[in-house]
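Below, each chain spelled out in residue letters.
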Amino acid sequence: MTETAAQNPQLEADPTEEELEGGAAPLVEHLAELRTRLIRSVLAFVVGIIVTFTVAEPILNFISQPLAEVLRDRGEDARLIFTAPQEKFFVLIRISIIMGFAVSFPVIAHQLWRFVAPGLYRAEKNAVLPFLVASPVLFLIGASFAHYVVTPLAMNFFIGFSDAIPALANLIAGEGTFENPAAEGEIQTVFLGSVKESLDLALKFIFAFGLCFQLPVLLTLMGKAGLVSAQGLADVRKWAVVAILTLAALVTPPDVITQVILFTVVYGLYEISIQLVRWVEHARNKRLRAEGILGEDEEL
């Protein structure tokens, strides 16, 4: 005998074939739109690589400029060598990929926003948009700081290190002066900079400082989401100092000058982030009081 809906309520609760197809349709539409956004982003990235490859040589010269200035100040030739036939070609390819992503980032970010924005409320859109603008600006500021301030100091330290130690040893031993470190017949060490290694070091500085400058954006977004508070960030300040010191030791070469600069900058950004989160909390409490959710003396 056929079971009725009254005898088995599960029969009535089971979705029909039309309902299943209707629920699957939005998912298929979302996947199709995601595919379209990804294809446009990839095409923009490829076009960016091709365009920047045509100017990869001037970009390499610009990135290597701090090293060239250090060499000129030392009275040496501002030259970089490559030790394999394909080395410079692949260096230019790497520059094209990195700069191609930077050039195409506005298009990629726009496609991402067009995919995500329909699912956000107006207040959420207004909250996220300023951070989408601030993030690349802060990265550019951090990269510029690394290029014009940190990289020259680090390059001068590393290249001068080969002269400083023998000079100090001879000066302590009473042989010659600090300006004439090498004794007669000793092997001389000369800096012959590799294109690949020099570019890797410069890019490491640029990305390290560019990413560290994202700290205010990250913590302020977390503050808006209620994941962190200004008081909580202030209470863990001493642990933040330890974390920043560890970060400075990991992402920078082993010289004290660069590590101190990175620590000073990131810690300053941490303190700025605390003030930004406090401002976010103040604005949220003011809005909730205006809506009558909080009392005059209450805080969320």
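Not measured: the values here are computed from a predicted model.

Each value, and the rule that gives it
Residues numbered from 1 in each chain as written. Predicted model: local features only at pLDDT ≥ 70, side-chain atom pairs only at ≥ 80, totals over all residues. Heavy atoms only, no water. Phe/Tyr/Trp six-rings, centres within 6.5 Å; stacked < 30°, edge-to-face > 60°. Helix = DSSP H or I, 4+ residues; strand = E, 2+ residues; numbered from the N terminus. Buried < 20%, exposed > 50% of the residue type's maximum accessible area, 1.4 Å probe, protein only. Contact = heavy atoms within 4.5 Å. UniProt positions renumbered as here; feature names shortened; annotations may be inferred. Salt bridge = Lys/Arg side-chain N within 4 Å of Asp/Glu carboxyl O. Core = buried A, V, L, I, M, F, W, Y, C linked by side-chain atoms within 4.5 Å. 1 Å grid on protein atoms, 1.4 Å probe; cavity = no way out; pocket = protein on both sides within 12 Å on 5 of 7 lines; lining within 4 Å. Points joined across faces, edges and corners; volume = space filled by probe spheres on them. Nonpolar A, V, L, I, M, F, W, Y, C, P; charged D, E, K, R; others polar.

Visitor: Can you walk me through the packing of aromatic side chains in this structure?
Guide: One pair of aromatic rings is described through two measures. These are the centre distance and the angle between the planes. This structure, assessed with the given rule, holds 9 aromatic pairs. Here the aromatic rings of F145 and F209 are separated by 5.7 Å at their centres, their planes lie at 50 degrees, and the arrangement is tilted. Taken together, the residues span a long stretch of sequence, with F145 in helix α6 (residues 122-173) and F209 in helix α7 (residues 195-212) at a distance of 64 residues. Taken together, the aromatic side chains of F45, F101 and F105 make up a single cluster linked through ring pairs.

Visitor: Honestly, the side chain of Q214 in this entry has me stumped. Any pointers?
Guide: Among the secondary structure elements, Q214 is positioned in the loop between α7 and α8 (215-224). Residue Q214 is classed as buried on the basis of its relative accessible area, which comes to 15%. Beyond its immediate stretch of four places on either side in the chain, Q214 contacts S135, L138 and F139.

Visitor: Where do I start with the UniProt feature "transmembrane region" (unreviewed entry) in the protein chain in this structure?
Guide: Here, the residues flagged by UniProt with the feature "transmembrane region" (unreviewed entry) are residues 42-63, 89-108, 128-150 and 201-222. Helix makes up 91% of residues 42-63 and strand 0%, whereas the separation of the span's terminal C-alpha atoms amounts to 26 Å. Between the C-alpha atoms that bound residues 128-150 there is a distance of 31 Å. The span itself is 100% helix and 0% strand.

Visitor: Can you help me understand the pattern of salt bridges in this one?
Guide: Oppositely charged side chains may form a pair once their charged atoms are brought near each other. According to the stated counting rule, one finds 6 salt bridges in the structure shown. For the salt bridge of E57 with K88, the shortest nitrogen-to-oxygen distance reads 3.0 Å. Here the residue E57 occupies a position in helix α3 (residues 56-63), and K88 occupies one in helix α5 (residues 87-116), the gap between them amounting to 31 residues. For R237, the salt bridge goes to E271, with nearest N and O atoms at 2.7 Å. Of this pair, R237 sits in helix α10 (residues 237-251) while E271 sits in helix α11 (residues 256-290); the two residues are 34 residues apart in sequence, bridging distant segments of the chain. For R237, a relative accessible area of 28% corresponds to the partly exposed category. Since its relative accessible area comes to 22%, E271 is described here as partly exposed. Bridged by salt links that share partners, the residues R94, K196 and D200 form one connected network.

Visitor: Looking at this model, I keep getting lost on the nonpolar core. Mind explaining?
Guide: Counting 32 residues, the largest nonpolar core has F209, L233 and Y270 as the members making the most contacts within it. Only α4 (65-73), α6, α7, α8, α9 (230-235), α10 and α11 provide two or more residues apiece to this core. If one sorts the elements of this core by residue count, α11 sits on top with 8 residues. When near neighbours in sequence (up to four residues on either side) are disregarded, Y270 contacts L215, L219, L233, V236, R237, A240 and I244. Core analysis: the next-biggest nonpolar cluster, separate from the first, contains 13 residues, I59, A143, L199 and I206 among them.

Visitor: What is the right way to read empty space enclosed by the protein from this model?
Guide: Rolled over the atoms, a probe with the dimensions of a water molecule shows which regions are left empty. For the coordinates displayed, the defined rule picks out 1 cavity of 30 Å³ or more. Put simply, the largest cavity is a space of about 40 Å³. Lining the largest cavity we find I63, S64, L67, T151, M155, S198, L199 and A202. Elements with a minimum of two residues in the lining of the largest cavity: α6 and α7. Of the residues forming the lining of the largest cavity, the biggest block, 3 residues, is contributed by α7. Grouping the amino acids of the lining of the largest cavity by side-chain chemistry returns 5 nonpolar, 3 polar and no charged.

Visitor: Looking at this model, I keep getting lost on the layout of surface pockets. Mind explaining?
Guide: By volume, the largest pocket amounts to about 790 Å³. Around the largest pocket sit 22 residues that line it, and A102, F139, L140, A143 and I206 are the ones nearest its centre. For the lining of the largest pocket, the elements supplying multiple residues, two or more each, are α3, α5, α6 and α7. Per element, the largest residue contribution to the lining of the largest pocket is 8 residues, and it comes from α6.

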